[in-house]
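Report on the structure
Each chain, written out:
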Amino acid sequence: SKEPHQSILKRIDIGLMTGLVALLLSFVGIMTSRATFKMNQETQKARVLPIIDIDMGYENIGDHSNAEFVIRLNNVGAGLAHVQSVIPTKNGEWIDNIETFDAAIMNGRMRSNVGYPDTSAATGFLRAGGYVEPRKYRMGAAGSELDAYLRGDYGTPLDGLDIEVCYCSVFEDCWTVKYLDRKLPKSVDSCIGFKDSPIDLFQTYIDQTAAKRLKN
C-alpha cells in the first residue's frame, strides 16, 4: 500500500480546520443569539416590573378627630402587580380574626369610640402608580386617646404587628415583601398555593364583621 500524497493530507487538514471553525462560529452565534434574547427578555420584564411598598400607621396625628389609622399597598413599580396574598401577623403569627387585629392597633377605649372602617379587598390586580387601602379607621372621638397610645402609656404601639404581601408580575415572576423588613422585595418561585385561591385576611375581617352585624 502507498501512503496518501502530501497534498491530499493537506486538503484534509484544511477541510477539518474549516469545519471546526464553522462549528465554532455557529456555537458563538447561538450563544450570542441566546444572550441577546435573554437581554431583551430582561428588558421587557424591567419595563413591567411591579414593586409593592407597604404603608401602615397613624396619619394626620395633629388633628385628633381627623387622624386615621391606614394600611396602604402602593405599587411604585412600572407594571401591573397581581397581589395574591395579604396577611397581617403579630410576632410572626397570622392574625385571623378582626378582634385580635383591632387590639393590635388601638386600646379598648379607642376601639369603642372609633367608627366603622373604610375597607376594600387587598388582593387582585394593582396598576402601576396605584394603591389600595384594605383598612382605614378615622379616629373621631377615639382621637382623644391617640397621644397617650402613641406615647406607649398602654404598651408599645403596634407591637409586633406586620403585613406580609406576595405578588407577581405579568411574566409570573413573584416576590414577597414585609412591612417591618424595610428591605427590597424577595424573589420567590411563586406565591405557593395562592394563585387559584388568594389569601386576603382583610377580606376575612370584612366577612366576619358582616356576619356579626347580621347576628346582632
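Residues numbered from 1 in each chain as written. Predicted model: local features only at pLDDT ≥ 70, side-chain atom pairs only at ≥ 80, totals over all residues. Heavy atoms only, no water.

Some thoughts on the overall build of the protein
Keep this limit in mind: Helical segments are the DSSP runs of H or I of at least four residues, strand segments are the runs of E of at least two, and each set is numbered from the N terminus. Relative accessibility under 20% of the residue-type maximum defines a buried residue, over 50% an exposed one, and the middle range a partly exposed one, all with a 1.4 Å probe and only protein chains included. Here a residue-residue contact requires only that any non-hydrogen atoms of the pair lie within 4.5 Å. Methods summary: accessible areas were calculated by the Shrake-Rupley approach with a probe of 1.4 Å, and residue burial reflects only the protein chains presented.
Helix and strand counts for the protein stand at five helices and 11 strands. Burial statistics for the protein: of 216 residues in total, 33% are counted as buried. By sequence separation, contacts in the protein at least 24 residues apart represent 70% of the contacts at least 6 residues apart. Total accessible area on the protein is roughly 13,200 Å²; 56% of this is exposed by carbon and sulfur atoms.

Topic: a nonpolar patch on the surface
What counts, and what does not: Patch criteria: residues need more than 30% relative accessible area and no salt bridge. Like-charged residues are merged within 9 Å; nonpolar side chains of Val, Leu, Ile, Met, Phe, Trp and Tyr are merged within 5 Å. A pair is scored as a salt bridge if a Lys or Arg side-chain nitrogen falls within 4 Å of a carboxyl oxygen belonging to Asp or Glu.
The grouping of L24, F27, V28 and M31 at the surface amounts to a nonpolar patch, some 380 Å² of accessible area in total. In this fold, V28 is placed in helix α1 (residues 6-47).

Here's the deal with the pattern of salt bridges
Throughout the structure, instances matching the rule amount to nine salt bridges. With a closest N to O distance of 2.6 Å, R111 and D102 form a salt bridge. Among the residues examined, R111 registers a relative accessible area of 27% and is labelled partly exposed. Note on D102: relative accessible area 6%, which makes it buried. E133 is paired through a salt bridge with K136; the nearest N and O atoms lie 3.3 Å apart. The exposure class of E133 is buried, given its relative accessible area of 17%. Judged by relative accessible area, K136 falls into the buried class, the value being 18%. What you see here is one network of salt bridges that share partners, running through D55, E59, R72, E133 and K136.

A closer look at helix α5 (residues 201-215)
How we decide: By this rule the span expected of a helix is its residue count minus one, scaled by 1.5 Å. Polar contacts, as counted here, are pairs of nitrogen or oxygen atoms within 3.5 Å of one another; within protein the pair requires one atom able to donate a hydrogen and one able to accept it, and residues that are adjacent in sequence qualify only if both atoms are side-chain atoms.
The terminal C-alpha atoms of α5 lie 21 Å apart, and with 15 residues this matches the ideal 21 Å at 1.5 Å per residue to within 8%. At the N-terminal boundary of α5, the capping side chain belongs to D200, with an oxygen 3.0 Å from the backbone nitrogen of F202.

Focus: the pairing of strand β2 (residues 68-75)
The side chains of a regular strand alternate, residue by residue, between the two faces of the sheet. Quick reminder of the rule: Whether two strands pair depends on DSSP finding at least two bridges between them.
Extensive coverage of β2 is indicated by the burial of seven of its eight residues. In terms of strand pairing, strand β1 (residues 52-59) meets β2 through eight bridges, oriented antiparallel. Following the sheet pairing, E59 is matched in β2 by E68. Bridge count for β2 against strand β7 (residues 131-138) is six bridges, and the pairing is antiparallel. Among the inter-strand pairings, F69 is bridged to a residue of β7, identified as Y137.

Some details on the confidence of the model for the protein
Inclusion rule: Confidence of the predictor at the level of single residues is given by pLDDT, which spans 0 to 100.
Taken residue by residue, the protein gives an average pLDDT of 87. The fraction at 70 or more is 86%. Element-level mean pLDDT values for the protein span from 68 in α1 up to 97 in β2.

Brief notes about helix α2 (residues 98-105)
Which entries qualify depends on this criterion: Regarding the arc, it is the one traced by the directions from the helix axis to the C-beta atoms.
Burial in α2 covers these residues: I98, F101, D102, A104 and I105. The arc that holds every buried residue of α2, seen down its axis, measures 155°, which confines them to one face. For α2, the N-terminal capping position is held by N97, with its side-chain oxygen 3.3 Å away from the main-chain nitrogen of E99.

A closer look at the packing of aromatic side chains
For clarity, the cut-off: Within 6.5 Å between ring centres, the rings of Phe, Tyr and Trp (the latter by its six-membered ring) count as paired, and their orientation is classed by plane angle as stacked under 30 degrees, edge-to-face over 60, tilted in between. Charge-over-ring contacts are defined here by two conditions on Lys NZ or Arg CZ: a distance within 6 Å of the ring centre and an angle within 35 degrees of the ring normal.
Going through the model one piece at a time under the given rule, you end up with seven aromatic pairs. Plain terms: the ring middles of Y58 and Y149 are 6.1 Å apart, the flat faces sit at 65° to each other, and that makes the pair edge-to-face. Of this pair, Y58 sits in strand β1 while Y149 is found in helix α4 (residues 146-151), placing the two residues 91 residues apart along the sequence. A residue is classified by how much of its surface remains accessible, and Y149, at 5% relative accessible area, is buried. Taking 5.6 Å as the distance between ring centres and 80° as the angle between the ring planes, the aromatic pair formed by F202 and Y205 counts as edge-to-face. In this pair, F202 and Y205 are both assigned in helix α5, three residues apart and thus about one turn of the helix distant. Here F202 falls in the buried class, since its relative accessible area comes to 0%. Among the aromatic residues, those joined into a ring-pair cluster are Y58, F69, F101, Y149, F202 and Y205. Above the plane of the ring of Y116 lies R213, whose end atom (NZ or CZ) is 4.0 Å from the centre.

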